[in-house]
There are 2 protein chains.
Amino acid sequence: MIPPDHPRYRSLVTREILAKSVKKGIVSPEGLIAHGRGEAFDYFIGERTTKSALLAGRTAAALLLSARHPVISVNGNTAALAAGEIAALQKACGARVEVNLFHRTEERVNLIEDLLRGAGAEVFSGPAERLLPLSHDRAWCRREGIYAADVILVPLEDGDRCEALVGMGKAVIAVDLNPLSRTSRRATLTIVDELTRALPNIAFACRTLTGAEQKELLATLDNNYLLSEAIREMTGRLAHALD
Amino acid sequence: MIPPDHPRYRSLVTREILAKSVKKGIVSPEGLIAHGRGEAFDYFIGERTTKSALLAGRTAAALLLSARHPVISVNGNTAALAAGEIAALQKACGARVEVNLFHRTEERVNLIEDLLRGAGAEVFSGPAERLLPLSHDRAWCRREGIYAADVILVPLEDGDRCEALVGMGKAVIAVDLNPLSRTSRRATLTIVDELTRALPNIAFACRTLTGAEQKELLATLDNNYLLSEAIREMTGRLAHALD
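Worth saying up front: this structure is predicted, and the values here are computed from it rather than measured. (Residues numbered from 1 in each chain as written. Chains lettered and ligands numbered in written order. Predicted model: local features only at pLDDT ≥ 70, side-chain atom pairs only at ≥ 80, totals over all residues. Heavy atoms only, no water.)

**Student:** Looking at this structure, I do not really get the relation of the copies chain A and chain B. What am I missing?
**Tutor:** Between the two chain copies there is a screw-like relation: a rotation about an axis and a shift along it. Expressed as a screw transformation, the operator carrying chain A onto chain B has a rotation angle of 180° and an axial translation of 0.0 Å, and the superposed copies differ by an RMSD of 0.0 Å. Both copies of the chain, as the preceding transformation shows, are related through a two-fold rotation axis. The share of interface residues of chain A whose copies in chain B are also at the interface is 100%, consistent with both copies meeting through the same surface. (Least-squares fit on C-alpha atoms with pLDDT ≥ 70 in both. Contact = heavy atoms within 4.5 Å.)

As structure tokens, this is what we get:
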């Protein structure tokens, strides 16, 4: 048992959830390593939503609301950490929720779909096809799901797949704590924030943005600016440690 | 199979080794998360040994060579990633090698001891006692091993234990990629470098340092300077990404 007054309580509980999720088969061992990388970057932005990340979240909401066919792509880490937040965001923006895995087995897909349904999400399921221009298992998706999406939210995505989705002409929204990653740089829009902070911010914006605000956010979308702000935040915090 | 010409080949192979080591019971799931954090920090120092890390490694050698009773404390990640490097360092400095685990079971201790022996290390084993002033399983160690050490090398250590060892009057050498961590700040000497780069550097210095060089390194040991240099390196690389 982790004592609730431990200074790293939240972080330790999250690690415990993920470690248990590996035992259940929901999270892959590689997913744990990816989470660790995220922890380090989160530390550098102060483990809070920065001003630019909030702007990115509001812009994500504008993109999702303006979409003809929005899809949220969910992997093991996302489901383990934020199934409830995914369900709430789906309600707020009306997107299809589809499971897509790097380390794909039918069993893992089913486990993750069940987890999402248990948290209140409607999961777009059914037979998958090899539809994305990728060599590995992430090529698998549904024709009326990710394949047909015009706007796709990909929390915790890998670089190859992000690139392939952008190459197919989709607007890709990434949630990635590393502002230097290939995913961050290739995505249409990158939210440099921790997932369970970012998703409720997007959902809140979906419920509250006016039409005029949406238009303004879409007209001023500048991913390079958002990434530069995140890097500036990290540099500033590191430099501060030298004082 | 990971193609050897992949730009992230080494990093991907390391992840695969660690993922397999979890299945074998050598690495804990939490160990994978810790590795991911290290990956992020390593990225910030350019995935190479910096000048200050090389100086820290040479100073570590001077400490080990001057010790009356040097000990290398090995955990699951260290054994999985660097059993051969530990064995080579032991030959170069004559330290006792003892297994000490945060997530301790007799079975894990035995697995890790076997792995180290297979790589050529002489492992200091036998019955452990609760000898360190700590509440968790890391309190367990051997009376003639870690408990009696005057200089102890703790690769990939946690903050509590580092603090306890320093509190017992030992010179503690940490290998930690996060220059802001509690371990890094509390250790007598911190090498901010990746383990499989750091250990051979220490071993090389153990074989080649002159007596005069050893004295000079010990007289000028300044951990704050070493940590500041590591932070400067990271800040510089981040700022460069803004250009």
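**Student:** Would you mind showing me how to read the nonpolar core here?
**Tutor:** Note on soluble globular proteins: their nonpolar side chains tend to be buried together. Within the largest apolar cluster, 102 residues are counted, with the highest numbers of intra-cluster contacts made by L116(A), L116(B) and I202(B). When residues no more than four places from it in sequence are discounted, the contact partners of I202(B) are G57(B), A60(B), A61(B), L64(B), L89(B), L153(B) and I191(B). Formed by 24 residues, the second largest nonpolar core is a distinct cluster that contains I45(A), L177(A), I231(A) and V192(B). (Core = buried A, V, L, I, M, F, W, Y, C linked by side-chain atoms within 4.5 Å. Buried < 20%, exposed > 50% of the residue type's maximum accessible area, 1.4 Å probe, protein only.)

**Student:** Would you explain the pattern of salt bridges in this entry?
**Tutor:** Pairing between side chains of opposite charge can happen when the charged atoms of each approach one another. Going through the model one piece at a time under the given rule, you end up with 34 salt bridges over all chains. The residue R117(A) makes a salt bridge to E113(A) at a minimum N-O spacing of 3.8 Å. Of the two residues, R117(A) and E113(A) are both situated in helix α5 (residues 106–118); the distance of four residues between them amounts to about one turn of the helix. E113(A) sits in the buried class, given a relative accessible area of 4%. Two residues, R48(B) and E233(B), come together in a salt bridge whose shortest N-O distance is 3.0 Å. Taken together, the residues R48(B) in the loop between α2 (29–44) and α3 (51–66) and E233(B) in helix α10 (residues 223–241) connect sequence positions 185 residues apart. In this structure E233(B) comes out as partly exposed when scored by relative accessible area, which is 24%. By sharing partners, the salt bridges in this structure join E98(A), E113(A), D114(A), R117(A) and R142(A) into a single network. (Salt bridge = Lys/Arg side-chain N within 4 Å of Asp/Glu carboxyl O. Helix = DSSP H or I, 4+ residues; strand = E, 2+ residues; numbered from the N terminus.)

**Student:** Help me understand the environment of L55(B) in this model?
**Tutor:** Residue and element names in this part refer to chain B. Structurally, L55 is set in helix α3. C-alpha separation for the pair L55 and L221, spaced 166 residues apart in sequence, amounts to 9.5 Å. Setting aside residues up to four positions removed in sequence, L55 forms contacts with L217, Y225 and L226.

**Student:** Please explain the packing of helix α1 (residues 9–24) of chain A against helix α2 (residues 29–44) of chain A as it appears in this structure.
**Tutor:** For any two helices packed against each other, one specifies the crossing angle of their axes together with the interaxial distance. All names here are of chain A. Running from amino to carboxyl end, α1 crosses α2 at an angle of 165°, the nearest separation of the two axes being 11 Å. In terms of orientation, α1 and α2 fall into the roughly antiparallel class. Considering the relative orientation of α1 and α2, their crossing is right-handed. Contact residues: α1 offers S11, T14, R15, L18, A19 and V22, while α2 offers L32, H35 and E39. Grouping the constituent residues of the contact of α1 with α2 by class yields four nonpolar, three polar and two charged. (Axes fitted to C-alpha atoms, helices over the stretch in contact; angles between N-to-C directions. Parallel < 35°, antiparallel > 145°, perpendicular 65-115°, else oblique. Left-handed = near helix turned anticlockwise from the far one by under 90°. Nonpolar A, V, L, I, M, F, W, Y, C, P; charged D, E, K, R; others polar.)

**Student:** Would you take a moment to explain the sheet that holds strand β7 (residues 189–191) of chain B for this structure?
**Tutor:** Where strands meet in a sheet, backbone hydrogen bonds hold them as pairs that are either parallel or antiparallel. Residues and elements named next belong to chain B. As summarised here, the arrangement of the five strands in space is β2-β1-β5-β6-β7, forming an open sheet in which the pairing is parallel. Strand pairing shows two members of the sheet lacking a second neighbour, β2 (96–99) and β7, which therefore form its edges. Strand-to-strand, the axes of this sheet are offset by a mean angle of 20°, without reference to chain direction. Bridge count for strand β1 (residues 70–74) against β2 is four bridges, and the pairing is parallel. Bridge assignment links V71 to a residue of β2, and that residue is R96. (Pairing = 2+ DSSP bridges.)

**Student:** Explain the side chain of S52(A) to me, please; I cannot follow it from the model alone.
**Tutor:** Residue and element names in this part refer to chain A. If you trace the backbone, S52 turns up in helix α3 (residues 51–66). Judged by relative accessible area, S52 falls into the buried class, the value being 11%. For S52, the residues in contact, after removing those within four places along its chain, are L226, E229 and A230.

**Student:** In this structure, what is going on with the sheet that holds strand β2 (residues 96–99) of chain A? I would like to understand it.
**Tutor:** All names here are of chain A. If you trace the five strands from one edge of the open sheet to the other, you get β2-β1-β5-β6-β7, paired in parallel fashion. Looking along the sheet, the strands with just one partner apiece sit at the ends: β2 and β7 (189–191). Mean inter-strand twist for the sheet, computed between neighbouring axes without regard to direction, equals 20°. Bridging between strand β6 (residues 171–175) and β7 involves three bridges; their strand directions are parallel. The residue of β7 that forms the bridge with A174 is T190.

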